[in-house]
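# Working through the structure, step by step
Take a look at the letters that make up each chain.
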Amino acid sequence: MRRSRLLPACGLVVVSTLALAACGGPPAPVRAVVTIDGSSTVYPLTEAMAEEYHRAVPDTRVTIGVAGTGGGFRRLCRGNLDVATASRPIAPAEAAACRTAGVAFVELPVAYDGITVAVHPSNTWVDALGVEELRRLWRHEAQGRLLRWSQLRPGFPDREIHLFGAGADSGTFDYFTGVITGAPRDSRGDYTASEDDNTLVQGVAGDPGALGYFGFAYFEANQEYLRAVPIRLREDGPAVPPTRDTIRSGEYQPLARPVFVYVNARSLERPDVRAFVEYYATHVGDVANDLGYVPLDDRVHAAIRARLAARQTGSLYGVEAAAPARTLAARLGLDPP
């Protein structure tokens, strides 16, 4: 049975995953602390990895926050964090902030994800949506204007459309706007925004007129309350649903992507941090598959582990806020299979 890790224990948003014997219980004695913050999309995977690691090394405490990708990068680049989790590559301005502060980082893709566009199960009119329709719906020009389903496509009902999407500090926001509206951070503002994917899931699940977007793992764990919308890249192309196979192959365009952890290179000099990150990079495939993420291909996984072993700093990406899943192997210098 698939494990659901989507809601932090006892309702906490920032959790100390390993410090509590039970909710409300006293903290256990610990030897070392590994600090992690960033993407809510990557939170369930990282929480599960921390719990798996605790079984092997019970005297290391791992704290995990969900400040959003941008919030995690800010803490990392100030030198206040061992690991930042991210649902997009680090931006040039963020990398420059790290350099200015003297913080080098090792970038590790850890799994594939597909941003899932979802509606309420009672929505019977949307069979699929094209990228162009999503662009018209989410671009800033739609704010205050495109407010009803009938305005999106003739034949849709004349009822209000209620939108739920990532907050501006979320890497998912940067990725989605980059590939859908055509410019990172170009988005309408009249929607329910949150860096916490659980809030978005609950909003769509409770509103028959809703449409929202969030990580595939959150959809899969809550699919009895949601319906994923297949996406058509081109008007004359096929409508592709988000599945493990379509995300892994990159067929689910343009919303299939890798997700990341970024490790402070100086923190890797500490044996406790190095051991945890090596464990994460080695075992993440099994845990990812169990939680609704798509594991990296074997060759890609091996290349990422080699990147960590060499402590190779810097990013594989340039100015792109969007990192399509299908390009990762090439960026690692791997020949086509």
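This section reports on the structure supplied with the text. (Residues numbered from 1 in each chain as written. Predicted model: local features only at pLDDT ≥ 70, side-chain atom pairs only at ≥ 80, totals over all residues. Heavy atoms only, no water.)

Our focus in this paragraph is the pairing of strand S10 (residues 210-214). The buried count for S10 comes to five of five residues, which makes it a mostly enclosed element. The side-chain alternation of S10 yields two buried faces, one formed by Ala 210, Gly 212 and Phe 214 and the other by Leu 211 and Tyr 213. Pairing of strand S6 (residues 116-119) with S10 involves four bridges; the strand directions are antiparallel. Residue Thr 116 lies in a different strand from S10, and its bridge partner there is Phe 214. By the bridge criterion, three bridges tie strand S8 (residues 162-166) to S10 in an arrangement that is parallel. Paired with Phe 164 across the two strands is Gly 212, which belongs to S10. (Buried < 20%, exposed > 50% of the residue type's maximum accessible area, 1.4 Å probe, protein only. Helix = DSSP H or I, 4+ residues; strand = E, 2+ residues; numbered from the N terminus. Pairing = 2+ DSSP bridges.)

The three strands are arranged S7-S12-S13 in an open sheet whose pairing can be described as mixed. Edge positions in the sheet fall to strand S7 (129-130) and strand S13 (239-240), since each has one partner strand and no second. Sheet topology places strand S12 (residues 231-232) next to S13; two bridges connect them, and they run antiparallel. Bridging across to S13, Ile 231 finds its partner in Val 240.

Structurally, Ala 97 is set in helix H3 (residues 92-100). Relative accessible area serves as the criterion here: at 39%, Ala 97 is assigned to the partly exposed category. Placed 24 residues apart in sequence, Ala 97 and Phe 73 show a C-alpha to C-alpha distance of 9.3 Å.

What follows covers unusual backbone geometry. For the bond running from Gln 253 to Pro 254, omega is 0°, close enough to zero to count as cis. Its location among the elements puts Pro 254 in the loop between helix H9 (244-249) and strand S14 (256-264). The backbone of Arg 185 shows a phi angle near 75°, a positive value even though the residue is not glycine. With respect to the helices, strands and loops of the structure, Arg 185 is situated in the loop between helix H6 (171-181) and strand S9 (192-194). Judged by relative accessible area, which is 45%, Arg 185 ranks as partly exposed. Phi angles above zero are rare outside glycine, and Arg 311 is one such case at about 50°. Considering the arrangement of structural elements, one finds Arg 311 in the loop between helix H11 (298-309) and helix H12 (328-331). Overall, Arg 311 belongs to the partly exposed group, its relative accessible area being 37%.

Attention now moves to the state of the cysteines. The tally for this structure, following the rule as stated, stands at one disulfide. Disulfide partner of Cys 77: Cys 98, at an S-S distance of 2.0 Å. Taking the sign of the S-S torsion, about -75° here, the bridge from Cys 77 to Cys 98 comes out left-handed. Here Cys 77, found in helix H2 (residues 69-77), pairs with Cys 98, found in helix H3; they are 21 residues apart in sequence, far enough to count as distant. (Disulfide = S-S within 2.5 Å.)

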